[in-house]
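Survey of secondary and tertiary structure
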Amino acid sequence: MEPVAEKMEFRLLGPVEVRCGGMVIPVPGGRLRAVLAGLLLSAGRPLPPGELAAIVWGADEPATAAPTLRSHIMRLRQLLGPGGGRIITQSPGYLIRVEPGEIDVARFEELTQSARAAARDGSWGAASADAGAALALWRGEPLADVPSDALAAREVPRLTELRLQALETRIDADLH
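Now for a look at the structure at hand. (Residues numbered from 1 in each chain as written. Predicted model: local features only at pLDDT ≥ 70, side-chain atom pairs only at ≥ 80, totals over all residues. Heavy atoms only, no water.)

**A look at the overall build of the protein**
What the protein contains, in helices and strands, is seven helices and five strands. Taken from the N to the C terminus, the helices and strands of the protein come in the order β-β-β-α-α-α-β-β-α-α-α-α. The C-alpha radius of gyration of the protein comes to 17 Å, within 12% of the 16 Å expected for a compact globule of 176 residues. Put simply, the protein has 176 residues, and 43% of those count as buried. If you take every contact in the protein between residues at least 6 apart in sequence, the share linking residues at least 24 apart comes to 67%. Total accessible area on the protein stands at roughly 8,800 Å², and carbon and sulfur atoms take up 54% of it. (Helix = DSSP H or I, 4+ residues; strand = E, 2+ residues; numbered from the N terminus. Rg over C-alpha atoms; globule rule 2.2 N^0.38 Å. Buried < 20%, exposed > 50% of the residue type's maximum accessible area, 1.4 Å probe, protein only. Contact = heavy atoms within 4.5 Å. Areas by Shrake-Rupley, 256 points an atom, 1.4 Å probe, with all protein chains shown as cover.)

Quick look at the structure:
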């Protein structure tokens, strides 16, 4: 698969934000943000339409879910750049193409793992720096403006627990 055309930054550790070239690309509408967040949190694997629909509507899935979902995907493709190459249709559903470092959640998880590994090795300065860099990515409640009970139940507690672990690692490293 060829690389994506332009580097972007996808921020989910707070309100959803997409940045490209220093500019913020607005993602209007809660359901559109829910589709984008669902795709980003599943980056690297195709997300089946049924799973996306559950993220967007939960148990209140309308009869028009499939065409509405296709419309949301089309709108996201337009928002994310020329040619719509970021979001592709791949069996069994949709996949978002991202480069390493483009999603704040992935960067946060990598930095947290690195901080914990440095702490295990007794590299307290590196542990503190990595944990501090991980925590600096947070801008508030994760997925703050995404109206998805499914993502709120699945991702927010997990990310909040990881944030606490990063904070503990940084405090422990700073004490050493």
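So much for the structure itself; the text now carries on.
**Some remarks on the pattern of salt bridges**
For side chains of opposite charge, pairing can occur when their charged atoms come near one another. What the rule picks out here adds up to 11 salt bridges. Residues R19 and E17 are paired through a salt bridge, measuring 3.4 Å at the closest nitrogen-oxygen approach. Exposure remark for R19: the relative accessible area of 23% places this residue in the partly exposed category. Judged by its relative accessible area of 17%, E17 falls in the buried class. (Salt bridge = Lys/Arg side-chain N within 4 Å of Asp/Glu carboxyl O.)

**Describing the pairing of strand β1 (residues 8-11)**
In the sheet, β1 pairs with strand β2 (residues 17-20) via four bridges, with the strands oriented antiparallel. Within β2, the residue paired with F10 across the bridge is V18. The hairpin turn running from β1 into β2, its antiparallel successor, is five residues long, and G14 in that turn takes a positive phi close to 145°. (Pairing = 2+ DSSP bridges.)

**With respect to the environment of L95**
Looking at where L95 falls in the secondary structure, it is placed in strand β5 (residues 93-96). On the accessibility criterion, L95 (7% relative accessible area) is buried. C-alpha of L95 to C-alpha of E141: the two residues are 46 residues apart in sequence and 25 Å apart in space. Among all residues touching L95, those that are not within four sequence positions of it are L39, G44, R45, P46, R86, I87, I88 and Q90.

Nothing here speaks to function; it is geometry throughout.
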